[in-house]
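Here is how the chains run, residue by residue.
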2 protein chains.
Amino acid sequence: MLSLIEQPIVILVRPQMAENVGAVARAMLNCGLTQLRLVEPREDWRSDKAIAMASGAVAVLEAAVAYPDLRTAIADLQHVYAATARRRELTKTIFVPRAAAVEVDAHLKSGEACGLLFGPERTGLLNAEVAECTAIIEVPLNPGFASLNLAQAVLLIAYEWFQRKVLPVERQFLTNDSPLATREELANFLDRLELALDECGFLWPPAKRETMLHNIKTQFARNNLTQQEINTLHGMIVTLRHPRARGPRKN
Amino acid sequence: MLSLIEQPIVILVRPQMAENVGAVARAMLNCGLTQLRLVEPREDWRSDKAIAMASGAVAVLEAAVAYPDLRTAIADLQHVYAATARRRELTKTIFVPRAAAVEVDAHLKSGEACGLLFGPERTGLLNAEVAECTAIIEVPLNPGFASLNLAQAVLLIAYEWFQRKVLPVERQFLTNDSPLATREELANFLDRLELALDECGFLWPPAKRETMLHNIKTQFARNNLTQQEINTLHGMIVTLRHPRARGPRKN
């Protein structure tokens, strides 16, 4: 588990519904975050409703700490980012979540504690509260329909932070335990295919033979075939050419 | 509003709860997505429960279209990405949402329709369903606590696509003037192949038939085949099964 200084702390200001605190705990833990602070929560965040919505992230709820006011809740932090969808008459930097994640990551690596601040469900943060923060995080969304619920706002910002931590691998090719075929194995298959297609008269007329072959070969050559798949293709060709006298549908 | 070809289509397979369909509609519209398809929905997705959860994204629910099966739902698409948290015994590329967004954006800019496929709430997609898709999307999350609810999974993947909208195209897929095949054209080919393999006794023994079929189908399904290539494959199978009495090397 990440220590306090290795992860940002999520701070909910005056959350109204215990269910929403539970849903926030779940979204946090999805992204490896475990430090939750609550400023003047209205309901009991360890209630059955909250635990049901936390869906297994109960440890986050149980470790959550309540504070009487915002100042106390952020007193030991170096940086606090206010999540808000509304532009304020305040002079501050606005980060998208991805850029905020870069900042937060750099601060944490310098040993500086960071908080992510979220307001009450309906009203959001007060200007006075945003004014106490280092900067603003605004999630770029459909300008005609930008309202997120509290847990979704936490999810997107926490998600970006988690991606920042883990993202080196952006894509990978998954095989079912069979290694990818070598180009030699591919070439052997393509030779066999060419022979079979010649034998059965598919590559016809002769003037088009070469172009047809190139187009057929390129389809297989670009497809990252596994050894198992090459073997299957060999077997398919043999069997299509010479049906076996077995199975339910003989011919 | 974005047209069909300018945005990916969200496809929910056998969604169980109308509320969840409503929450998905909200998450979609947050990210500018409006095209929703439902495969065998269990409940009425225009019910009061669904509308309450959509929280204003009612137009997405009203425009949603239900389909009797997956094949019909994806028939007119060129690319289908399966969102799944579980690794499968299938040979396909796995994208993180950010890399998937790059791919989807490039495909859409080439005029190729893309679908994002999500399974039922508790069970997720079947292997047979994933086998028909182009590739997999897996959201990198806390490995000890990776379960998202349906709307959150849609939100994260749609969010990445929306973020991508402001960035330039990094790669594109080049074809030799033949458009990419639709999933219906692919499905027709896979049906023909299955029939031919059954007829010639390749899918044997019966206990292994289904797994063999999934592995064979996944190889073709992931390969961005053009219409021309599909036609060639049809011709190859027919001719392998029934050699023509022409060409230099008859048999």
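Preceding block: the structure.
Scope of this entry: the structure provided in the associated data block. Small disclaimer: the values here were computed from a predicted structure and weren't measured.

1. Things to note about the pattern of salt bridges
Okay, so step 1: Applying the stated criterion across every chain yields a total of 29 salt bridges over all chains.
Okay, so step 2: Here Glu-19 of chain B ties to Lys-49 of chain B by a salt bridge, and the two come within 3.6 Å at their closest N and O atoms. With Glu-19 of chain B in helix 1 (residues 18–30) and Lys-49 of chain B in helix 2 (residues 48–54), the pair connects residues that are 30 residues apart, well separated along the chain.
Okay, so step 3: Since its relative accessible area comes to 22%, Glu-19 of chain B is described here as partly exposed.
Okay, so step 4: The partner of Glu-160 of chain B in a salt bridge is Arg-98 of chain B, and the shortest N-O contact between them spans 3.1 Å. With a gap of 62 residues between them, Glu-160 of chain B in helix 7 (residues 150–164) and Arg-98 of chain B in helix 5 (residues 97–109) connect regions that are remote in the sequence. In this pair, the class of Glu-160 of chain B matches that of Arg-98 of chain B, namely buried.
Okay, so step 5: Where salt bridges share partners, they join Glu-19, Arg-42, Glu-43 and Lys-49 of chain A into one cluster.

2. Overview of the pairing of strand 1 (residues 9–13) of chain A
Residue and element names in this part refer to chain A.
Okay, so step 1: Of all five residues that make up strand 1, five are buried, and the element is covered over most of its length.
Okay, so step 2: Alternating residues of strand 1 divide into Ile-9, Ile-11 and Val-13 and Val-10 and Leu-12, and every residue in both groups is buried.
Okay, so step 3: Bridge count for strand 1 against strand 6 (residues 114–118) is four bridges, and the pairing is parallel. Within the sheet, the bridge partner assigned to Leu-12 lies in strand 6 and is Phe-118.
Okay, so step 4: Where strand 1 and strand 2 (residues 36–39) come together, four bridges link them in parallel fashion.

3. Let's talk about the sheet that holds strand 4 (residues 79–83) of chain A
All names here are of chain A.
Okay, so step 1: Strand order across the open sheet formed by seven strands is 3-2-1-6-4-7-5, with parallel pairing between neighbours. Looking at which strands have only one partner, the edges of the open sheet turn out to be strand 3 (65–67) and strand 5 (94–95).
Okay, so step 2: In this sheet, strand 7 (residues 135–137) lies alongside strand 4 in parallel orientation, the contact comprising three bridges. Paired with Ala-83 across the two strands is Ile-137, which belongs to strand 7.

4. Topic: unusual backbone geometry
Okay, so step 1: Geometrically, the link from Trp-204 of chain A to Pro-205 of chain A is a cis peptide bond, its omega value of 5 degrees lying close to zero.
Okay, so step 2: One non-glycine residue, Arg-14 of chain A, adopts positive backbone phi at about 45 degrees.
Okay, so step 3: With respect to the secondary-structure elements, Arg-14 of chain A resides in the loop between strand 1 and helix 1 (18–30).
Okay, so step 4: The exposure class of Arg-14 of chain A is partly exposed, given its relative accessible area of 21%.
Okay, so step 5: Unlike most non-glycine residues, Ser-55 of chain B shows phi in positive territory, near 50 degrees.
Okay, so step 6: Among the secondary structure elements, Ser-55 of chain B is positioned in the loop between helix 2 and helix 3 (58–63).
Okay, so step 7: A relative accessible area of 36% places Ser-55 of chain B in the partly exposed class.

5. Structural notes on the interface of chain A and chain B
Okay, so step 1: Of the residues lining the interface, 77 residues belong to chain A; the matching set on chain B comes to 80 residues.
Okay, so step 2: Contact between chain A and chain B buries roughly 6,900 Å² in total, counting both sides, with carbon and sulfur atoms accounting for 55%.
Okay, so step 3: At the junction of chain A with chain B, the criterion picks out two salt bridges.
Okay, so step 4: There are 20 residue pairs in polar contact (both at pLDDT 80 or more) connecting chain A and chain B.
Okay, so step 5: Residue assignment for the side of chain A that touches chain B shows that the elements contributing at least two residues are helix 1, helix 5 (97–109), helix 7 (150–166), strand 8 (171–174), helix 8 (183–199), helix 9 (206–221) and helix 10 (227–241) of chain A.
Okay, so step 6: Counting residues per element, the side of chain A that touches chain B draws most heavily on helix 10 of chain A, at 10 residues.
Okay, so step 7: In terms of residue class, the side of chain A that touches chain B is made up of 37 nonpolar, 25 polar and 15 charged.

So, how was this worked out
- Residues numbered from 1 in each chain as written.
- Chains lettered and ligands numbered in written order.
- Predicted model: local features only at pLDDT ≥ 70, side-chain atom pairs only at ≥ 80, totals over all residues.
- Heavy atoms only, no water.
- Salt bridge = Lys/Arg side-chain N within 4 Å of Asp/Glu carboxyl O.
- Helix = DSSP H or I, 4+ residues; strand = E, 2+ residues; numbered from the N terminus.
- Buried < 20%, exposed > 50% of the residue type's maximum accessible area, 1.4 Å probe, protein only.
- Pairing = 2+ DSSP bridges.
- Contact = heavy atoms within 4.5 Å.
- Buried area = accessible area lost by both parts, 1.4 Å probe.
- Polar contact = N/O pair within 3.5 Å; in protein donor to acceptor, adjacent residues only side chain to side chain.
- Nonpolar A, V, L, I, M, F, W, Y, C, P; charged D, E, K, R; others polar.

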